[in-house]
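# Architecture and fold: a report
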Amino acid sequence: QVQLVESGGGLVQPGGSLRLSCAASGSINSINVMAWYRQAPGMQRERVAAIVSGSGANYADSVKGRFTISRDNAKNTVYLQMNSLKPEDTGVYYCNAVVPPGYRYWGQGTQVTVSS
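Below you will find a few notes about this structure. (Residues numbered from 1 in each chain as written. Predicted model: local features only at pLDDT ≥ 70, side-chain atom pairs only at ≥ 80, totals over all residues. Heavy atoms only, no water.)

### Comments concerning the sheet that holds strand S3 (residues 18–26)
Filter applied, for reference: The pairing criterion for strands is at least two bridges between them, as found by DSSP. In DSSP terms, a helix is any run of H or I states spanning at least four residues, a strand is any run of E spanning at least two, and both are numbered starting from the N terminus. In this analysis, axes come from line fits to C-alpha atoms, helices being fitted only over the stretch in contact, and the angle between any two N-to-C directions falls in the range 0 to 180 degrees.
Read from one edge of the open sheet, 4 strands run S1-S3-S8-S7, paired in antiparallel fashion. At either margin of the open sheet sits one strand with a lone partner, and together these are strand S1 (2–7) and strand S7 (67–72). On average, each strand axis in the sheet is tilted by 20 degrees relative to the strand beside it, whichever way the strands run.

If you want it as structure tokens, here you go:
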């Protein structure tokens, strides 16, 4: 019902910035929460940021003050602005949409590598 396509990943130096985009299509009016997750090899997938419809955003402690999640409803797109990137931010970043009563839709993932 919901399709998500991420873009914007790449290789950046520590301290640099990237903006990830997630374009949603399908039953977008059913989406209650949009979020960004990331996963490094051998690690659990972790939620980085989320924004709830009609509410605010929340962030993992590790990215607070550096990452910002936002939405452009006209474009059906959610963004993750990532500033002051660190090597430990490296991973595959996934867009996620929650459709009540709690079904999760995932994008294909986009690789973010922070390295000098």
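### Quick notes on unusual backbone geometry
Leave glycine aside and you will find that most residues have negative phi; peptide bonds, for their part, are mostly trans. With omega at 15 degrees, the peptide bond leading from Pro100 into Pro101 counts as cis. Mapped onto the elements, Pro101 comes out in the loop between strand S9 (91–99) and strand S10 (103–106). Of note, Asn76 is a non-glycine position whose phi angle comes to about 55 degrees, a positive value. Secondary-structure assignment places Asn76 in the loop between S7 and strand S8 (77–82).

### Concerning the packing of aromatic side chains
Note the threshold: Pairing of aromatic side chains requires ring centres within 6.5 Å, counting the rings of Phe and Tyr and the six-membered ring of Trp. Pairs whose planes differ by under 30 degrees are stacked, by over 60 edge-to-face, and all others tilted. Consider the ring centre and the ring normal. A charge sits over the ring if Lys NZ or Arg CZ is within 6 Å of that centre and within 35 degrees of that normal.
Within this structure, the stated rule accounts for 3 aromatic pairs. Ring geometry for Tyr94 against Trp106: centres 6.4 Å apart, planes inclined by 90 degrees, an arrangement best described as edge-to-face. Taken together, the residues Tyr94 in strand S9 and Trp106 in strand S10 connect sequence positions 12 residues apart. Note that Arg45 overlies the ring of Tyr94, its terminal NZ or CZ placed 4.0 Å from the centroid. Positioned over the ring face of Trp106 is Arg45, at 4.5 Å from the centre of the ring.

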